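A look at the structure
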Amino acid sequence: MQSELISELASGLIVSRGIETSKLIVGSGHPPLQLVTLENSRGTRVTLCDLGASLYSIHTRDRYGHSDNILLTYRNPQHWLDNHWYLGITAGRVANRIGGARFELGEETYLLPANDGENHLHGGPQGLHTKRWQVVQSESGATARSVTFRCVSEDGEGGYPGRLEIELTYRLDENDALTLDYRAVTDADTPVALTNHCYWNLAGRDGILEHELEIYADQLLQLNDQLIPTGELVSVADTPVDFRKRKKIGRDIDWWPGGYDNFWVVDAQADKAMKPIASLVHPASGRSIKILSSEAGVQFYSGNFLDGSRERDDGSPIHQHAGLCLETHGFPDAPNHDHFPSVTLKQGDEYRQTTVYQFSAG
């Protein structure tokens, strides 16, 4: 990682072709959120936020040429400061859940804050999503525009060992691919599993039960009643969680108690090679997303806990199933399962994670 990137943009604000900046006022006593928008010649606009290095909104055109925001975005700016649904955020140090809010590493036991019942979720209440990330680099070329965010998680933050330096680059190209490239280094061994937690709604309105989903996985992790992996991998064949052939999300969801909130295992060996993960389609608009990633699998969450108490940017309530998450990362609760692929980043090594969202409409 090139730490000298920090000084490149002292103000954190950029003005160049295809890249715009703005500020979002979130109330007295709080500095405004810094927004950066990448735009390509197709009219796709990706807006990012320094709080949590978040995906704030994505506007793409449908088959008729109409542009909509295909992410859930809060209407009230103050809700970004209390983002308990994790809209758009960078989750970590360890995304998803760690059972019992504890893990062992070497000879030490590390206790983490429990913010999901007895368990630790998305890095805890002071995770990476609560940090103001610094914009350290931008590039605007003929084929792509990109912005790099950086943050530091100090030794002991959230209960984790080691000082962790992280950079996240968002790159939007002329072929309508949005690439997220994560890099991190640490001065002590520590678990790291990063992801983005945006909520997709390719219709730009209503819910996601009419969306069609395909996940390229034969297995998923078995969970206990607290949504913590038991350690077993189970087959998806002929069950409500079988998405090997594209189907409507709403078709079988009532047969899966509580809705979908599971980790589908695409690559049990977690070899970090880029691979197809999932494909999401909204037939009425023609919009689709193909997801490729270096990660072992994907957490598909169908927005089960969205309760209508907040509004999205068009003023409509964010009800249950208003959006869905497809979170690419390593095995959940990996620090507590020796036979899972490790998510421990060793001192002197570099963490790398790449996920690509390929947009289209037809």
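This section reports on the structure supplied with the text.

Definitions and cut-offs
Residues numbered from 1 in each chain as written. Predicted model: local features only at pLDDT ≥ 70, side-chain atom pairs only at ≥ 80, totals over all residues. Heavy atoms only, no water. Salt bridge = Lys/Arg side-chain N within 4 Å of Asp/Glu carboxyl O. Helix = DSSP H or I, 4+ residues; strand = E, 2+ residues; numbered from the N terminus. Buried < 20%, exposed > 50% of the residue type's maximum accessible area, 1.4 Å probe, protein only. Pairing = 2+ DSSP bridges. Polar contact = N/O pair within 3.5 Å; in protein donor to acceptor, adjacent residues only side chain to side chain. Contact = heavy atoms within 4.5 Å. Axes fitted to C-alpha atoms, helices over the stretch in contact; angles between N-to-C directions. Phe/Tyr/Trp six-rings, centres within 6.5 Å; stacked < 30°, edge-to-face > 60°. Lys NZ or Arg CZ within 6 Å of the ring centre and 35° of its normal. 1 Å grid on protein atoms, 1.4 Å probe; cavity = no way out; pocket = protein on both sides within 12 Å on 5 of 7 lines; lining within 4 Å. Points joined across faces, edges and corners; volume = space filled by probe spheres on them. Nonpolar A, V, L, I, M, F, W, Y, C, P; charged D, E, K, R; others polar.

It is worth spelling out the pattern of salt bridges at this point. Within the structure shown, the criterion is met by 28 salt bridges. The closest approach of N and O atoms between Glu311 and Arg75, which form a salt bridge, is 3.2 Å. Remark: Arg75 occurs in the loop between strand E5 (67–69) and strand E6 (90–91) and Glu311 occurs in the loop between strand E24 (297–301) and strand E25 (325–329); sequence separation between them is 236 residues. Overall, Glu311 belongs to the partly exposed group, its relative accessible area being 35%. Of the charged contacts in the structure, one is a salt bridge between Glu350 and Arg183, with a shortest N-O distance of 3.3 Å. Of this pair, Glu350 sits in the loop between strand E26 (344–345) and strand E27 (351–361) while Arg183 sits in strand E14 (residues 177–186), placing them 167 residues apart in sequence. The partly exposed category is assigned to Glu350, whose relative accessible area is 34%.

For a regular strand, the rule is simple: side chains alternate between the two faces of the sheet. Sheet topology places strand E18 (residues 219–223) next to strand E19 (residues 229–235); four bridges connect them, and they run antiparallel. Within the sheet, the bridge partner assigned to Gln219 lies in E19 and is Ser235. Pairing geometry for E18 and strand E21 (residues 261–265), over two bridges, is antiparallel. Each residue of the ladder has a partner; that of Leu220, found in E21, is Trp264.

On to the side chain of Arg97. Inspection of the secondary structure puts Arg97 in strand E7 (residues 97–98). Note on Arg97: relative accessible area 7%, which makes it buried. A polar contact of 2.9 Å, which involves the side chain of Arg97, links it to the side chain of Asp116. Filtering out sequence-adjacent residues up to four positions away, Arg97 remains in contact with Asp116, His120, Leu121, Gln226, Leu227, Ile228, Asp261, Gln299, Pro332 and Asp333.

What follows concerns the sheet that holds E25. Picture the strands of a sheet paired through backbone hydrogen bonds; they go either parallel or antiparallel. Across the sheet, which stays open at both edges, the five strands sit in the order E19-E18-E21-E24-E25 with antiparallel pairing between neighbours. Either end of the sheet is taken by a strand with one partner, and the two such strands are E19 and E25. For this sheet, the mean inter-axis angle between neighbouring strands, taken without regard to orientation, is 30°. Of the strand pairs in this sheet, E24 and E25 are connected by five bridges, and their pairing is antiparallel. Within E25, the residue paired with Tyr301 across the bridge is Cys325.

Here we take up the packing of aromatic side chains. The description of an aromatic ring pair rests on the distance of the ring centres and on the angle between the ring planes. For the structure shown, the criterion picks out 18 aromatic pairs. Aromatic rings pair up to connect Tyr56, Tyr74, Trp80 and Trp85 into one cluster. When the ring centre of Phe243 is taken as origin, the NZ or CZ atom of Lys247, which lies over that ring, is 4.5 Å away. Against the face of Tyr74 rests Arg310, its NZ or CZ located 5.3 Å from the ring centre.

All right, on to empty space enclosed by the protein then. One pass over the full model with this rule turns up four cavities of 30 Å³ or more. There is about 60 Å³ of room inside the largest cavity. For the largest cavity, the full set of lining residues is Gly92, Arg93, Gly123, Gln126, Gly127, Leu128, Lys131, Ser153, Glu157, Gly158 and Tyr160. Broken down by class, the residue content of the lining of the largest cavity amounts to two nonpolar, six polar and three charged.

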